[in-house]
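Now for the letters of each chain:
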Amino acid sequence: ARHYEGVANDMRRRAQEHEKELEEYESHPYYGKRAQDLKAHCRTLINNYERAAEANTSMARVHRQMAEEAQ
């Protein structure tokens, strides 16, 4: 369970990093036409990392329940 919680925390951290990048791209127009691609890329990564965090949190929960039932 701790393993999955650690992975979930890492995924959340990565999502936050890309949220900061997305804010940077949205707040500075000098990225030009490429900004749309960069923003889309960040949004995709944020979504993927958030889904991975949710999946790992769920796995941690399942493993904790299995451990409680085994006692």
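Residues numbered from 1 in each chain as written. Predicted model: local features only at pLDDT ≥ 70, side-chain atom pairs only at ≥ 80, totals over all residues. Heavy atoms only, no water.

Draft legend 1. Expanded view of a negative patch on the surface. On the surface, a cluster of negative charge is contributed by Glu19, Glu23, Glu50 and Glu54. When contributions to the negative patch are tallied by element, the ones reaching two or more residues are α1 (2–27) and α2 (34–70). Assignment of secondary structure puts glutamate 19 in helix α1. For glutamate 19, a relative accessible area of 31% translates into the label partly exposed. (Patch = residues over 30% accessible without salt bridge, like charges linked within 9 Å, V, L, I, M, F, W, Y side chains within 5 Å. Areas by Shrake-Rupley, 256 points an atom, 1.4 Å probe, with all protein chains shown as cover. Salt bridge = Lys/Arg side-chain N within 4 Å of Asp/Glu carboxyl O. Lys, Arg positive; Asp, Glu negative; His and termini not counted. Charge placed at Lys NZ, Arg CZ, Asp CG, Glu CD. Helix = DSSP H or I, 4+ residues; strand = E, 2+ residues; numbered from the N terminus. Buried < 20%, exposed > 50% of the residue type's maximum accessible area, 1.4 Å probe, protein only.)

Draft legend 2. Spatial organisation of the packing of α1 against α2. Contact geometry of α1 with α2 gives a least axis separation of 8 Å together with a crossing angle of 160°. With respect to α2, the axis of α1 lies roughly antiparallel. Our pair here, α1 against α2, has a crossing hand that is left-handed. Here the residues of the contact of α1 with α2 are counted per class, giving 16 nonpolar, four polar and 11 charged. (Axes fitted to C-alpha atoms, helices over the stretch in contact; angles between N-to-C directions. Parallel < 35°, antiparallel > 145°, perpendicular 65-115°, else oblique. Left-handed = near helix turned anticlockwise from the far one by under 90°. Nonpolar A, V, L, I, M, F, W, Y, C, P; charged D, E, K, R; others polar.)

Geometric values such as these leave the question of function open.
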